[in-house]
Amino acid sequence: MIAVTRLNGKTVHLNALLIEVIEETPDTLITLTTGKKILVLEKANDVISSIQSYLRSIGVYAATIKSDQTEGTSP
């Protein structure tokens, strides 16, 4: 879960795995896979950083990074 701030100042926690799109319109609009849209005070880059931190904390982010060791390099 990541914490974001609605335009009214209330903090809400979103399941980062359900975020489909993040747009700045100029407010930041988060669209979930459920179709629900949430306007937040944070900038898109801050939300993305929060998502990356969350993914690292659960061990998913590292699994998406390609490295020379896993890309078929011969010993």
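These notes cover the structure that comes with them. Being a predicted model, the structure only gives us computed values, none of them experimental.

### Quick word on the pairing of strand S1 (residues 2-5)
- Pairing geometry for S1 and strand S2 (residues 11-14), over 4 bridges, is antiparallel. Counted as the bridge partner of Thr5 is Thr11 from S2.
- Counting the residues that bridge the hairpin from S1 to S2 gives 5 residues, and of these Gly9 lies at a positive phi of roughly 95°.

### Considering the pairing of strand S4 (residues 28-32)
- Across the 5 residues that make up S4, a large majority, 5, are buried.
- Neither face of S4 is exposed, since Thr28, Ile30 and Leu32 on one face and Leu29 and Thr31 on the opposite face are all buried.
- Both strand S3 (residues 19-24) and S4 contribute to a ladder of 5 bridges, which runs antiparallel. Looking at S4, one finds that Glu23 is bridged to Leu29.
- Between S4 and strand S5 (residues 37-40), which pair antiparallel one after the other, the connecting turn spans 4 residues, and Gly35 there sits at a positive phi close to 95°.

### Quick look at a nonpolar patch on the surface
- Judged by side-chain polarity, Leu7, Leu39 and Leu41 come together as a nonpolar surface patch covering roughly 250 Å² of accessible area.
- Mapped onto the fold, Leu39 is located in strand S5.

### Comments concerning unusual backbone geometry
- Of the consecutive residues Thr25 and Pro26, the connecting peptide bond is found in the cis state with omega at -5°.
- Tracing the backbone shows Pro26 in the loop between S3 and S4.

### Comments concerning the nonpolar core
- Counting residues in hydrophobic clusters, the biggest one holds 13 residues, and the most contacted among them are Ile2, Val4, Leu14, Ile19, Ile30, Val47 and Ile51.
- Secondary structure elements with two or more residues in this core: S1, S4, S5 and helix H1 (44-57).
- In terms of residues, this core owes the most to one element, H1, which gives 4 residues.
- Dropping the residues within four chain positions of it, Ile2 is found in contact with Val12, His13, Leu14, Ala16, Ile19, Val47, Ser50, Ile51 and Tyr54.

Reading guide: rules and limits
- Residues numbered from 1 in each chain as written.
- Predicted model: local features only at pLDDT ≥ 70, side-chain atom pairs only at ≥ 80, totals over all residues.
- Heavy atoms only, no water.
- Pairing = 2+ DSSP bridges.
- Helix = DSSP H or I, 4+ residues; strand = E, 2+ residues; numbered from the N terminus.
- Buried < 20%, exposed > 50% of the residue type's maximum accessible area, 1.4 Å probe, protein only.
- Patch = residues over 30% accessible without salt bridge, like charges linked within 9 Å, V, L, I, M, F, W, Y side chains within 5 Å.
- Areas by Shrake-Rupley, 256 points an atom, 1.4 Å probe, with all protein chains shown as cover.
- Salt bridge = Lys/Arg side-chain N within 4 Å of Asp/Glu carboxyl O.
- Core = buried A, V, L, I, M, F, W, Y, C linked by side-chain atoms within 4.5 Å.
- Contact = heavy atoms within 4.5 Å.

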